[in-house]
Amino acid sequence: MSSPFRYPQFTKFTIFSVFAGFSFIQNELTTYWLFLLLFRQEITLFGLGVIARPLVRVFVSYFMGYISDKYDRAKLFYITRGISSVLLFPLTLAFIYHSIPLIFGIYYIRTIIVELSNNVGYVAYYAVVPEQVRAKAIFYIRIISMASRVASGAVWFLIYQAIDAYDLFLTAILGLIGLAMLKGFNIGGGSERVKLSTAIDFFRKDERVRGIILLYSVTDGLTYSINYLLPLLILVYHGSEEIYSLSQTALYGVLVIASFIMTKMKDPVKIASTYILSGFLFYLVLLYPSPYVLLVSVLLDGFGSGIIENYVMATIKQSVGDEFLGSVLGLDVLVTSSVEILVILLAQYLITINVLYYIILGIAGMAFVLILWLLHPKLREVKL
């Protein structure tokens, strides 16, 4: 099998991912921790902060998927990525001066722009290399990108202790440097056939598209929500900032390992079964009352996400190709974010009463995912 690095577009995107991965973790950890410090006595405001991304995705992801297929994807990526980095400068000052209206105003505007950029980025991630080297491409880019994220998570506590909210300044600068690495990038777009109804049409008519969106999106929504809820869970389980930092190192470390395993897995039944099992275990381990079980849940989340990706993209691309990839991924994000919002809003309430209720919610959700898998037999026929 040929190397994906033979394709210049993939090489450019890989270099960009080093900067993007490091800055992403610094931004995530610093922003959520600042929200917790500011609003730890006002759980509703804390919730409005951490729920911003999935909330925005619910309202705009579907349209952004359409836009990423309709217009030049590279230009969209440059513009949105650049603006999102620049907005971190005023957001930093808003946090420093505790200006709540500015914090939420800038944060939500930036989140909308970031989500358009991310949708184009998702398409770029899967469209820059041919299908025959896709599994290897995902593995290589994860090794490089996730190594950057692991390093970022490992040093976040030290950076935050040294420069506090100004860590967001560092994030902005790294983001702009990474964007400069993409000079000459080309990832298509400009389809004249795409319509606003394209993704819905595929969802209605194609069992594989419908099944994989429901399987992957619902599971991901149920488990990835821990990234938003982790500060709250750390308090409930009597953890500390060190646990928060270590969790990101664990998450992105296991993603690399799982991505290698993914390149060896060709049986869709084994892949989906392992993925669903990791979702069940994700919640079951939380029954043990220790902050370190949060690390285990994060590891299970990363492992499941790591082994499923090639299967998900093989299923979608065999049905829709590259031309409508953005639209279908936009619908995928819409479903995922809807589940995330429901889980986050309900879970932050349940956790404050008794964390056991959150665990029951998750197990019930995963049982629903298992039923969805059994009801879509064509998902077991995908060729990898």
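Conventions used here
Residues numbered from 1 in each chain as written. Predicted model: local features only at pLDDT ≥ 70, side-chain atom pairs only at ≥ 80, totals over all residues. Heavy atoms only, no water. Helix = DSSP H or I, 4+ residues; strand = E, 2+ residues; numbered from the N terminus. Rg over C-alpha atoms; globule rule 2.2 N^0.38 Å. Buried < 20%, exposed > 50% of the residue type's maximum accessible area, 1.4 Å probe, protein only. Contact = heavy atoms within 4.5 Å. Areas by Shrake-Rupley, 256 points an atom, 1.4 Å probe, with all protein chains shown as cover. Lys, Arg positive; Asp, Glu negative; His and termini not counted. Charge placed at Lys NZ, Arg CZ, Asp CG, Glu CD. Salt bridge = Lys/Arg side-chain N within 4 Å of Asp/Glu carboxyl O. Core = buried A, V, L, I, M, F, W, Y, C linked by side-chain atoms within 4.5 Å. pLDDT = per-residue confidence, 0-100. Phe/Tyr/Trp six-rings, centres within 6.5 Å; stacked < 30°, edge-to-face > 60°. Patch = residues over 30% accessible without salt bridge, like charges linked within 9 Å, V, L, I, M, F, W, Y side chains within 5 Å.

Peer 1: Outline the overall build of the protein, listing residues and values.
Peer 2: Each helix and strand counted, the protein has 16 helices and zero strands in total. Taken against the 2.2 N^0.38 rule, which gives 21 Å for 384 residues, the C-alpha radius of gyration of the protein at 20 Å falls within 12% of a compact globule. Reported as C-alpha extents along the three principal axes, the dimensions of the protein are approximately 50 × 45 × 35 Å. For the protein, the proportion of its 384 residues judged to be buried stands at 59%. When contacts within the protein are restricted to residue pairs at least 6 apart in sequence, long-range pairs at least 24 apart make up 87% of them. If you sum the accessible surface of the protein, you get close to 15,300 Å²; carbon and sulfur atoms cover 69% of it. If the 28 positive side-chain charges of the protein are averaged to one point and the 23 negative ones to another, these points end up 8 Å apart.

Peer 1: Summarise the environment of leucine 295; cite the residues concerned and give the values.
Peer 2: On the secondary structure map, leucine 295 appears in helix H14 (residues 293-320). Once the C-alpha coordinates of leucine 295 and leucine 230 are considered, the two residues, 65 residues apart in sequence, prove to be 10.0 Å apart. Aside from chain neighbours lying at most four places away, what touches leucine 295 is Ile243, Leu246 and Ser247.

Peer 1: Tell me about the pattern of salt bridges, and name the residues and values.
Peer 2: With the rule as written, the count across this model stands at one salt bridge. Two residues, aspartate 201 and arginine 204, come together in a salt bridge whose shortest N-O distance is 3.6 Å. Of this pair, aspartate 201 and arginine 204 both sit in helix H9 (residues 198-205), three residues apart, roughly one helical turn. Taking relative accessible area as the criterion, arginine 204 reaches 53% and is therefore assigned exposed.

Peer 1: Let's hear about the nonpolar core: which residues, and what values?
Peer 2: Leu215, Leu233, Tyr311 and Tyr358 are the most contacted members of the largest nonpolar core, which has 98 residues in total. The element that contributes the greatest number of residues to this core is H14, accounting for 13 residues. Look past the residues within four positions of leucine 215 in its chain and what remains in contact with it is Ala272, Tyr275, Ile276, Tyr311, Val369, Trp373 and Leu379. With 16 residues, the next largest nonpolar core counts Ala20, Val60, Phe77 and Leu116 among its residues.

Peer 1: Now, about the confidence of the model for the protein: what can you tell me, with residues and values included?
Peer 2: For the protein, per-residue confidence averages 84 on the pLDDT scale, and 95% of positions sit at 70 or higher. Of all the helices and strands in the protein, helix H2 (residues 43-50) carries the lowest mean pLDDT, 73, while helix H13 (residues 268-284) carries the highest, 93.

Peer 1: Describe in detail the packing of aromatic side chains, supporting the description with residues and values.
Peer 2: Counting across every chain of the model gives 16 aromatic pairs. Between the aromatic rings of phenylalanine 139 and phenylalanine 260, the centroid separation amounts to 5.4 Å while the plane-to-plane angle is 50°, which identifies the pairing as tilted. Here the residue phenylalanine 139 occupies a position in helix H7 (residues 134-163), and phenylalanine 260 occupies one in helix H12 (residues 241-264), the gap between them amounting to 121 residues. Owing to a relative accessible area of 14%, phenylalanine 139 belongs among the buried residues under this scheme.

Peer 1: A description of the environment of alanine 272 should follow, citing residues and the corresponding values.
Peer 2: Here alanine 272 lies in helix H13. Judged by relative accessible area, alanine 272 falls into the buried class, the value being 0%. As for alanine 272 and leucine 215, which are separated by 57 residues in sequence, their C-alpha atoms are 8.7 Å apart.

Peer 1: I'd like a rundown of a nonpolar patch on the surface, residues and numbers included.
Peer 2: Side chains of Leu277, Leu281, Leu284, Leu287, Leu346, Tyr349, Ile353, Leu356, Tyr357 and Ile360 sit close together on the surface and give an oily, nonpolar patch of about 920 Å² of accessible area. Of all the secondary structure elements, the ones that give two or more residues to the nonpolar patch are H13, helix H15 (325-353) and helix H16 (355-374). Of note, isoleucine 353 is situated in helix H15. Residue classification places isoleucine 353 among the partly exposed positions, given a relative accessible area of 46%.

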